[in-house]
Amino acid sequence: MKQYMVNNRDYKIDIVRALCALEIIAFWHMMDYLPEKYALTGQALHLAKLLTNTALATFAFISGFCLSKYTFTKSGDVWHFYKKRLIRFYPLLLFSALSLLVAGYVFHHPWFTSTSQFVTTITGLNVFIPPLAMTLWYFSMIMFFYIITPLVLSRKSKLAKLLMALSLLAIVVVVDLLFLDVDNVFYLYYPFYALGLILPSSSLEFIYRRKYLFLPISVALFTATVLITCDKSDYFMGGGIYVAMISGLVMLFAAATVINSLSKGLTKFFFWISFSSMVAYLFHRQIYFVIIYAIGNSNQELSIVKALFVAVPFIFAVSFSVQKAYDFLIKKCKLK
């Protein structure tokens, strides 16, 4: 079947990013705003958690994979990289964090437990100085990943990049043991970001070409892991959580390849979601909060119909517009 691509853009990555954004925003976090009767328990909750872990791990992998094109041969390259990354997301992250901080004071809903938590969140240190801030901890962690990216990509060979990534991990482990209390989420998602930086682009092509082989195998492996680890009490589920995230990541890329071959319109829809995803992730809590006050019930809850067919489309429509306006502003100010 025809693969839809324009200007050599890999829309399969957009489809994967969109699927991950929908899992987080239109499922996992949406559950916080539904009546208690929809609360997940038991095996359903375990499945939902592993799907969310997979979505976040895949986001981390895509971030690293898309940045692996950068080369660092002089100090100016590092500054250029940091400048582009900061302009790309930091003003939006800062505005999101400030809006949640102010909303916490106005509506007596503490999004941040302390001023120090707010500071660590906007400086990329939140995973090193818990507790984690609600939702924004992930962007704080990604910011730290961006900081260390030049150290990995400045190495010449794949082996040297791998050794640098492992050395940085070892340093974090030592710091964790001796000085800080690094949150476990760092150890969950750092390997996926590092793999994205190091793996060759052909690694995805390998999945794309064998999608009908990888899709059933990865679905079966992910399902088996969910069933086997359901009663595990430890955070890493005896290592099973990594098996779930790896198989889930392969499953997403294989599924995206199938979706991309079906319909140009469907691919465009997922591109629209992908384009909106960063702003949607940063501001969906605020938008849910506003919608609840506008159309929610007396218990400050949304019916599942209003959540799915009003709140979620509104979040992505607003996010698309904000991203468009932000990109236009960057271009107009010649900040790229």
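Here's what I pulled together on the structure shown here. (Residues numbered from 1 in each chain as written. Predicted model: local features only at pLDDT ≥ 70, side-chain atom pairs only at ≥ 80, totals over all residues. Heavy atoms only, no water.)

Quick notes on the pattern of salt bridges
Next up, step 1: Per the stated rule, a full pass over the model turns up six salt bridges.
Next up, step 2: A salt bridge links Asp 14 to Arg 9; the shortest N-O distance between them is 2.7 Å.
Next up, step 3: Between Asp 10 and Lys 12 there is a salt bridge; the shortest N-O distance is 3.3 Å.
Next up, step 4: We classify Lys 12 as buried; its relative accessible area is 4%.
Next up, step 5: One connected set of salt bridges, linked through shared partners, spans Arg 9, Asp 14 and Arg 17. (Salt bridge = Lys/Arg side-chain N within 4 Å of Asp/Glu carboxyl O. Buried < 20%, exposed > 50% of the residue type's maximum accessible area, 1.4 Å probe, protein only.)

Quick notes on the packing of helix α2 (residues 42-67) against helix α7 (residues 185-198)
Next up, step 1: As a packed pair, α2 and α7 sit with axes 6 Å apart at the nearest point and diverge in direction by 30 degrees. On the basis of their axis angle, the class for α2 and α7 is roughly parallel. Here α2 and α7 pass one another in a crossing that is right-handed. For the pair α2 and α7, the contacting residues are Asn 53, Leu 56, Ala 57, Ala 60, Phe 61, Ser 63, Gly 64, Phe 65 and Leu 67 in the first and Leu 188, Tyr 189, Phe 192, Tyr 193, Leu 195, Gly 196 and Leu 197 in the second. (Axes fitted to C-alpha atoms, helices over the stretch in contact; angles between N-to-C directions. Helix = DSSP H or I, 4+ residues; strand = E, 2+ residues; numbered from the N terminus. Parallel < 35°, antiparallel > 145°, perpendicular 65-115°, else oblique. Left-handed = near helix turned anticlockwise from the far one by under 90°. Contact = heavy atoms within 4.5 Å.)

Structural notes on the nonpolar core
Next up, step 1: Judged by nonpolar contacts, the single largest core of 107 residues is most densely connected at Tyr 138, Phe 186, Tyr 189, Phe 253 and Tyr 288.
Next up, step 2: With 13 residues, the top contributor of residues to this core is helix α11 (residues 264-295).
Next up, step 3: Ignoring any residue separated from it by four or fewer positions in sequence, one finds Phe 186 in contact with Val 127, Phe 128, Met 141, Phe 144, Phe 145, Leu 169, Val 172 and Pro 191. (Core = buried A, V, L, I, M, F, W, Y, C linked by side-chain atoms within 4.5 Å.)

What to know about the environment of Leu 45
Next up, step 1: Tracing the backbone shows Leu 45 in helix α2.
Next up, step 2: When its relative accessible area of 26% is taken as the criterion, Leu 45 is described as partly exposed.
Next up, step 3: Sequence-wise, Leu 45 and Trp 28 are 17 residues apart; in three dimensions their C-alpha atoms are separated by 9.9 Å.
Next up, step 4: In this view, Leu 45 contacts Trp 28 and Leu 40; residues no more than four positions away in its chain are not counted.

Description of the packing of aromatic side chains
Next up, step 1: The final tally for this structure, using the stated rule, is 36 aromatic pairs.
Next up, step 2: When the ring of Phe 89 is compared with that of Tyr 90, the centres are 6.2 Å apart and the planes differ by 85 degrees; the resulting orientation is edge-to-face.
Next up, step 3: Look at Phe 89 and you get buried, because its relative accessible area is 3%.
Next up, step 4: Taken together, Phe 89, Tyr 90, Trp 137, Tyr 138, Phe 139, Tyr 146, Tyr 189 and Tyr 281 form an aromatic cluster joined through their ring pairs.
Next up, step 5: Taking NZ or CZ as reference, Arg 9 lies 5.8 Å from the ring centre of Tyr 11, over its face.
Next up, step 6: Positioned over the ring face of Phe 275 is Lys 324, at 5.8 Å from the centre of the ring. (Phe/Tyr/Trp six-rings, centres within 6.5 Å; stacked < 30°, edge-to-face > 60°. Lys NZ or Arg CZ within 6 Å of the ring centre and 35° of its normal.)

Points about a nonpolar patch on the surface
Next up, step 1: A contiguous nonpolar surface patch, about 770 Å² in accessible area, is contributed by Leu 125, Ile 129, Val 173, Val 174, Leu 177, Leu 178, Phe 179 and Leu 180.
Next up, step 2: As for its position among the elements, Phe 179 is in the loop between α6 (158-178) and α7.
Next up, step 3: Overall, Phe 179 belongs to the exposed group, its relative accessible area being 65%. (Patch = residues over 30% accessible without salt bridge, like charges linked within 9 Å, V, L, I, M, F, W, Y side chains within 5 Å. Areas by Shrake-Rupley, 256 points an atom, 1.4 Å probe, with all protein chains shown as cover.)

Function-wise, these values are silent; they only describe arrangement.
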